[in-house]
Every structure is written in structure tokens, then in C-alpha cells.
Amino acid sequence: MTPLIKCEHVDFGYDNQDAVVDVNMEVDAGDYLCIVGENGSGKSTLMKGLLGLLKPTAGRLTVAEELRRTGIGYLPQQTAAQKDFPATVREVVLSGALSRTGRLPFYSRAEKELAEKNMEKLGITPLKKHCYRELSGGQQQRVLIARALCATSRLLILDEPITGLDPAAIQDFYQMIRRLNREDGVAILMVSHDLRNAVEEANKILHLQKQVLFYGPAHDYMNSQAAGHFFHEKEQGKCKPTAGCHAVHLQTGPEGLPAPVLGASGGRHTGRQEEKGGCCHGNDQ
Ligand SMILES: Nc1ncnc2c1ncn2[C@@H]1O[C@H](COP(=O)(O)OP(=O)(O)OP(=O)(O)O)[C@@H](O)[C@H]1O
């Protein structure tokens, strides 16, 4: 099976400064791959590279012909200006088909039908005449996913998609992504600070810290040197798996790997309860 995306010893960077080095990974049809790592570890840079917005400075990046033709469905981190976009839901969704229109200045019937189908799939048909900027964060995410699926239903790339969503919207969002992946076969590539969800939902994890600290099956990540142990007992200053803590506590490995703790905020903390009043605080989604 030809991978949708394959990186072989790939570097990406800015102004002769490498931000990501020696990445080896591939996204296959139907994969659910989560990219995790601290702030500044190169996750967004890798995304930009995979989307073709940055050229590899070394190595080989291969993107399946189909994706090169249609473009990759992409859900960026939303800026305030984007949240305030003055267009109807239907217009935003339909704009995802722009890469299919070629030079024609209008949408074909097939593209309009595709937009309708994706709005139906994402449960936003009743909102189609609503103004995008008047929707809730969760509804906006659905619109953007429907839009991304108008480019291609093979692969969806999401960059920290739950930022700013309330807990109910987050659960709703994850359910929707799971359904797209498991039922519709859409491959998912997600940058996430929500490590608990990443380990539960993804089939592959890539842990980045400029270089790849771990790449492999999600169930192996739990036992990896990079991941250390997952979830603490909350009562003892540690968190229960059910307590909504998304922290992964990294251990210092024999090679002297860094020993930060990754939380949903992506910030460093030591996991000691006295800091920020407990290790779960600020991490619950
Ligand atoms: N446009 C840019 N020009 C120069 N350097 C950049 C640029 N964007 C990012 N960098 C640098 O590249 C490195 C990786 O940044 P990147 O944004 O990819 O990390 P990240 O893991 O996505 O971080 P975060 O979790 O905070 O979003 C950082 O050192 C950052 O300062």
C-alpha cells in the first residue's frame, strides 16, 4: 500500500536554522497519528512541511499523487480574525472545494453536492445559512472539518484542534473525529497537547523534540522511554486516569533525555502537587 505521506530523514527549518531534524514517519490510509511534544518542539513546523508550505532542507518527502492533486484537508489553529469570518456556513464549506474547481470561477454541481454531503455528515445542515462568526467554537470546528473534507476525504490534518473548546465540545469533537476515522476511513494527523486522548485514540504516536523521540504504535508509546509513566493518582498529588488529567510525565532516560512533563497546555511542570496547586490543575479539559 502506498503511504499518503512519507518522510525519510527529513529536516525542516527557517533561515538556515533547523527546527525539525531527521524525521522518519509515514501516514497510511486509515491511520490516526498524533504528534505530541513540548511547546517549540517543531510540531507546527512539521505540519507546515507536510502541507508543502515549507520545503525540506534535507531528506525526502513523498506525498501521494492524489493528495498532490486535491490538496490536503487542513484544520489550522484558528486566529481571532478567522473566527470572525463574515461568510455563511455553506460558503465556508464550499470554499474547501476551491482546489477542485481548477481555473473555473464557479462551483460545479458535483462540488455543491459534495458540500451538502459534508454538511450533512458533520450535522451542520440546519446551520448552513447561518453566519460562520455567530457559531460556537465547536460548531465552527465542524464547519472547518466539512470544508477540509471538500478538498479530500483521504487525510485530515489538524493543528491543536481543541484549543478554546469547552469540555462538552471537546468530547463531541473527538467522537466526530473517531467516526470519520473508523467509519469513513479518513486518515487523521493531529498535533495535540491532549496526550491522554492521543494515546487512547491514535494508532500511531510521533513524539517530537526537534528530533523524533518516539514514533510507533500508540500502545508501545506508553512503555517507551520517551513517555515515561502516564497519569498519577490525584489524591497523592498524582492524577487518576479518569480524572481528566492529560499529563504525560516523562522520565529522564539513561541517555539524559529531558525530563519535562507535558500537559494539555503544553507547558512544562514537574508534576509536583505544590506547583500550580496540583498536577492536574490547568490540565483538565
Ligand atoms: N516562522 C518562523 N521563523 C523562524 N523560526 C520559527 C518560525 N516558526 C517557528 N520557528 C521556530 O521553530 C521552532 C519550532 O517551532 P514550532 O512552532 O514548530 O513548535 P511547536 O512544537 O509547534 O510549538 P507550539 O506547541 O508552541 O505550537 C521554535 O524554535 C520556533 O521558534
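Basis of the calculations
- Residues numbered from 1 in each chain as written.
- Predicted model: local features only at pLDDT ≥ 70, side-chain atom pairs only at ≥ 80, totals over all residues.
- Heavy atoms only, no water.
- UniProt positions renumbered as here; feature names shortened; annotations may be inferred.
- Helix = DSSP H or I, 4+ residues; strand = E, 2+ residues; numbered from the N terminus.
- Buried < 20%, exposed > 50% of the residue type's maximum accessible area, 1.4 Å probe, protein only.
- Polar contact = N/O pair within 3.5 Å; in protein donor to acceptor, adjacent residues only side chain to side chain.
- Near = heavy atom within 4 Å.
- Areas by Shrake-Rupley, 256 points an atom, 1.4 Å probe, with all protein chains shown as cover.
- Nonpolar A, V, L, I, M, F, W, Y, C, P; charged D, E, K, R; others polar.
- Pairing = 2+ DSSP bridges.
- Axes fitted to C-alpha atoms, helices over the stretch in contact; angles between N-to-C directions.
- Contact = heavy atoms within 4.5 Å.
- Expected span 1.5 Å × (residues − 1).
- Arc of directions from axis to C-beta.

By the naming in an unreviewed UniProt entry, the chain goes by Zinc transport system ATP-binding protein and is assigned to Enterocloster lavalensis. Comment text from UniProt for the chain, heading Sequence similarities (unreviewed entry), reads "Belongs to the ABC transporter superfamily."

A look at the side chain of H207
Examined against the element boundaries, H207 turns out to sit in strand β8 (residues 204-209). For H207, a relative accessible area of 1% corresponds to the buried category. A distance of 2.8 Å separates a polar atom in the side chain of H207 from a polar atom in the side chain of Y221.

What to know about the site of the ligand
Around the ligand, the surrounding shell consists of Y14, A19, E38, N39, G40, S41, G42, K43, S44, T45, E160 and H193. Within the side chain of Y14, one N or O atom sits 3.4 Å away from a nitrogen atom of the ligand. Measuring from an oxygen atom of the ligand, one finds a side-chain N or O atom of T45 at 2.5 Å. Contact with the protein chains covers 58% of the free accessible surface of the ligand, which is 640 Å². By residue number, the principal contributor to the shell around the ligand is helix α1 (residues 43-50), which donates 3 residues. Of the residues in the shell around the ligand, the class split is 2 nonpolar, 7 polar and 3 charged.

Details of the sheet that holds strand β2 (residues 17-27)
One open sheet holds the 3 strands; their spatial order is β2-β1-β4, and the pairing between them is antiparallel. Bordering the open sheet on either side are β2 and β4 (58-63), each of which pairs with just one other strand. Taking the axes of each pair of neighbouring strands and ignoring which way they run, one obtains an average angle of 35° across the sheet. Bridging between strand β1 (residues 5-14) and β2 involves 7 bridges; their strand directions are antiparallel. Across the sheet, residue V10 finds its bridge partner in β2, namely V23. Packing against the sheet, α1 makes contact with β1, β2 and β4, and its axis sits at approximately 120° to β1.

Points about helix α5 (residues 109-121)
Think of an α-helix as 3.6 residues a turn; residues three or four steps apart then line up on the same face. Its 13 residues place the ends of α5 18 Å apart at the C-alpha level, agreeing with the 18 Å of an ideal helix rising 1.5 Å per residue. For α5, the set of buried residues is E111, L114, A115, N118 and M119. For α5, the angular spread of buried residues about the axis comes to 135°, placing them on one side. Summarising the geometry of α5, the exposed residues directed more than 90 degrees from the buried face are R109, A110 and E120. Lining the buried residues of α5 we find α4 (89-95) and α6 (137-151). Looking one or two residues beyond α5, the residue adopting positive phi is G123, at roughly 70°.

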